[in-house]
Amino acid sequence: MNTLQLKLRNQASFRPIVKIDDKEIKLKKNEFGSLVANYSSEKEKVKISIYTLPHEFDTKYWFLIYLLYYVISIFGIFDVPYARNAYQLQYNGEIALQEKTVIDLIFENKKKDAKALTCKEGNFDDNESNKYIYNEKINKRRKIALTFKFCSWAIIAIGITLYLIFR
Amino acid sequence: MINSQVKRRIMGHLGAILFNIGIFGLILCFAAAITGLLWIVIFLFVICFAFISVVCTLGLALTDAGFRNFLSGAFKISTNEKFLLLLEQLVKAFPWVAAITGILLVASAIFLFFDKDNPSSKSRLIALSVFAVIFIIAIIVVPIVLGGKA
């Protein structure tokens with residue numbers, strides 16, 4: 001049986017998801033705050049994908065989703081702030097498994113098209129998919145959502161004021 | 001269509017919103033509970049304040065008319081009409097607020113559970129379990145206190 005111990009460091013601002021052979025692997029935090037995943041297989045080579053959880057504004061129906069939040073949170077009063085991270089990672093590669101394989105990866109600082117993962121230990125398939133993808137749409141949509149919220153508040157405030165004056 | 005990863009994030013976000021509304025409800029519940037106990041608190045506070053003032057000034061405070069007016073005014077608060085009306089309204093609303101808050105917090109826990117890998121959702125779930133205990137205590141304690149008063 002071949003085993004793999006995967007360590008992900010400096011991942012605080014991301015929510016990485018690891019899939020090995022298209023199966024999501026559970027990540028556990030160790031005492032240093034890094035994420036650790038253990039995997040065992042009879043295979044000698046496995047497919048691995050490390051990616052970040054997509055933003056809610058990165059969908060076709062983002063405004064409908066936002067409106068749902070807006071209504072449920074009573075005009076956005078009880079809403080929580082939206083994630084500002086517009087950087088995404090979609091790494092896909094292969095790992096050769098041995099009896100005891102250890103791979104130690106570090107998330108690099110976010111920069112457009114910069115390398116996302118650096119290997120500190122083990123054999124890592126460093127290919128083209130190992131880079132940050134900057135999604136400008138997310139920031140744009142976040143700004144639209146905020147503008148909508150503040151404009152609606154202004155309209156409500158004006159409405160209440162006019163009602164109080166002319167009632 | 002929305003993929004399952006985004007669904008997970010949406011669930012977490014909805015859970016967080018319901019959590020925030022639930023906390024507000026919890027504060028309202030405690031406002032009802034505290035208002036019920038407020039007259040006791042005010043009474044004890046005024047007695048303590050009067051006792052300390054009289055002891056520290058060797059009884060001279062009682063000779064001051066302003067101090068005597070303050071004391072009698074403070075004792076009148078517990079029989080104030082507006083205060084009693086507020087107390088009545090809060091006590092009337094308590095079962096509704098408590099029920100809605102309970103439902104919201106349970107719904108929030110269910111939504112957050114789908115996003116439990118997110119550290120902030122996890123901490124909200126931990127907070128929810130603490131609030132659940134406080135909430136149950138409030139449900140048991142408040143009717144006893146208010147019932148006893150009635």
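Residues numbered from 1 in each chain as written. Chains lettered and ligands numbered in written order. Predicted model: local features only at pLDDT ≥ 70, side-chain atom pairs only at ≥ 80, totals over all residues. Heavy atoms only, no water.

Examining the overall build of chain A
Here is the rule we go by: A run of DSSP states H or I qualifies as a helix once it reaches four residues; a run of E qualifies as a strand once it reaches two. Both are numbered from the N-terminal end. The globule rule used here is 2.2 Å times the number of residues to the 0.38 power, and the radius of gyration it is set against is calculated over C-alpha atoms. Burial classification: accessible surface area is computed with a 1.4 Å probe over protein chains only, and a residue below 20% of its type maximum counts as buried, one above 50% as exposed, and the rest as partly exposed. The contact definition used throughout considers only heavy atoms, calling two residues in contact when any of these lie within 4.5 Å.
In terms of helices and strands, chain A carries 2 helices and 10 strands. Against the compact-globule benchmark of 15 Å for 167 residues, chain A has a radius of gyration of 22 Å, which places it well outside the compact range. Along the first, second and third principal axes, the C-alpha set of chain A runs to 80 × 30 × 25 Å. Residues counted as buried form 43% of the 167 residues belonging to chain A. Residue pairs at least 24 apart in sequence account for 70% of intrachain contacts in chain A once pairs closer than 6 positions are excluded.

With respect to the interface of chain B and chain A
Put simply, the rule is: Values labelled buried area give the accessible surface lost by two parts on being combined, using a 1.4 Å probe and summing over both. Any carboxyl oxygen of Asp or Glu within 4 Å of a side-chain nitrogen of Lys or Arg constitutes a salt bridge here.
The interface is formed by 19 residues belonging to chain B together with 22 residues belonging to chain A. Approximately 2000 Å² of surface area, both sides summed, lies buried where chain B meets chain A, with 66% of it carried by carbon and sulfur atoms. Contact with chain A buries surface across chain B, with Q5, R9 and H13 of chain B losing the most and accounting together for 34% of the total. For the pair chain B and chain A, the interface holds 1 salt bridge.

Let's talk about the sheet that holds strand β8 (residues 100–107) of chain A
Sheet strands pair via backbone hydrogen bonds, and the direction of the pair is either parallel or antiparallel. Counted only if it meets this: Only when DSSP finds a minimum of two bridges between them are two strands counted as paired.
In space, the 5 strands of this open sheet follow the order β4-β5-β1-β8-β9 (chain A), with mixed pairing throughout. Two strands bound the open sheet, and with one partner strand each, they are β4 (28–29) and β9 (117–121) of chain A.

Digging into the nonpolar core
The nonpolar side chains of a soluble globular protein tend to be buried, and buried together. Note the threshold: To form a nonpolar core, buried Ala, Val, Leu, Ile, Met, Phe, Trp, Tyr and Cys residues must be joined to one another through side-chain atoms within 4.5 Å.
By size, the foremost hydrophobic cluster in this structure holds 24 residues, and its most contacted members are I20, I48, I50, L105 and L117 of chain A. Counting only elements with at least two residues in this core, the list comes to β1 (2–9), β2 (16–20), β5 (35–41), β6 (45–52), β7 (87–96) and β8 of chain A. With 4 residues, β7 of chain A is the single largest residue contributor to this core. Among all residues touching L117 of chain A, those that are not within four sequence positions of it are I50, L89, Y91, L105, I106, F107, F124 and N130 of chain A. Within the second largest apolar cluster, 16 residues are counted, among which are F57, I65 and Y70 of chain A together with L18 of chain B.

Observations concerning a positive patch on the surface
Test applied: Within this analysis, patches are made of residues with over 30% relative accessible area and no salt bridge. Like charges are joined at 9 Å or less; nonpolar side chains (Val, Leu, Ile, Met, Phe, Trp, Tyr) at 5 Å or less. Each accessible area value is a Shrake-Rupley result obtained with a 1.4 Å probe; residue values ignore everything except the protein chains displayed when judging cover. Here Asp and Glu are counted as negative and Lys and Arg as positive; His is not counted, and neither are the chain ends. For this purpose, a charge sits on NZ of Lys, CZ of Arg, CG of Asp or CD of Glu.
Together, K26, K28 and K29 of chain A together with K116 and K122 of chain B line one region of the surface with positive charge. One can find K29 of chain A in strand β4. In this structure K29 of chain A comes out as exposed when scored by relative accessible area, which is 58%.

A word on the sheet that holds β2 of chain A
Residues and elements named next belong to chain A. Heads up, the rule is: For helices, the fitted line uses only the C-alpha atoms of the stretch in contact; every axis is such a line through C-alpha atoms, and the angle between N-to-C directions lies from 0 to 180 degrees.
On the basis of which strands lie adjacent, the open sheet formed by 5 strands has the order β3-β2-β6-β7-β10 and antiparallel pairing. Each edge of the open sheet carries a strand with a single partner, namely β3 (23–25) and β10 (132–134). Recorded for the sheet is a direction-independent mean angle of 25° between the axes of neighbouring strands. Sheet topology places β6 next to β7; 7 bridges connect them, and they run antiparallel. Bridge pairing in β7 links I48 to G93.

Observations concerning the side chain of N130 of chain A
Residue and element names in this part refer to chain A. Our working definition: Within 3.5 Å is the distance limit for a polar contact, defined as a pair of N or O atoms, with the added protein rule that one can donate a hydrogen and the other accept it, and that residues adjacent in sequence qualify only through two side-chain atoms.
Tracing the sequence through the fold places N130 in the loop between β9 and β10. Polar contacts involving the side chain of N130 include one to the main-chain amide nitrogen of L117, which spans 2.8 Å. For N130, the residues in contact, after removing those within four places along its chain, are Y91, A114, K115, A116, L117 and F124.

Brief notes about the packing of aromatic side chains
Residues and elements named next belong to chain A. Here is the rule we go by: Between the rings of Phe, Tyr and Trp (Trp by its six-membered ring), a pair exists once the centres lie within 6.5 Å; its type follows the angle of the planes, with under 30 degrees stacked, over 60 edge-to-face, and the other angles tilted.
Scanning all chains against the criterion turns up 17 aromatic pairs over all chains. Where F63 meets Y66, the ring centres are 6.1 Å apart and the plane angle is 40°; that geometry is what we call tilted. One end of the pair, F63, and the other, Y66, are both in helix α1 (residues 62–72), 3 residues apart, so they sit about a helical turn from each other. One aromatic cluster is present, formed by F57, W62, F63, Y66, Y69, Y70, F75, Y82 and F148 through successive ring pairs.

Some words on α1 of chain A
All names here are of chain A. Under the convention used in this document: By arc we mean the arc of the directions from the helix axis to the C-beta atoms, nothing more.
Residues W62, I65, Y66, Y69 and Y70 constitute the buried set of α1. All buried residues of α1 fall inside an arc of 140° around its axis, so they share one side. Opposite its buried face, α1 presents the exposed residues L64 and V71, each directed more than 90 degrees away. After α1 finishes, the residue I74 shows a positive phi value of roughly 50°.

Considerations on the environment of L128 of chain B
All names here are of chain B. With respect to the secondary-structure elements, L128 resides in helix α4 (residues 119–149). We classify L128 as buried; its relative accessible area is 7%. As a C-alpha pair, L128 and I52 span 76 residues in sequence and 41 Å in three-dimensional space. Dropping the residues within four chain positions of it, L128 is found in contact with F19, L105, S108, A109 and L112.

Points about the confidence of the model for chain A
Basically, it comes down to this: By definition, pLDDT measures how confident the predictor is in each residue, and it falls between 0 and 100.
This prediction gives chain A a mean pLDDT of 85; 98% of its residues lie at or above 70. Here β4 of chain A is the element of chain A with the lowest mean pLDDT, 83, and α1 of chain A is the one with the highest, 91.

Examining the pattern of salt bridges
Residues and elements named next belong to chain A. Taken as a whole and judged by the stated rule, the model has 6 salt bridges over all chains. With a closest N to O distance of 2.8 Å, R9 and D104 form a salt bridge. In this pair, R9 sits in strand β1 while D104 sits in strand β8, placing the two residues 95 residues apart along the sequence. With a relative accessible area of 31%, R9 lands in the partly exposed category. The class of D104 is buried, set by a relative accessible area of 6%.

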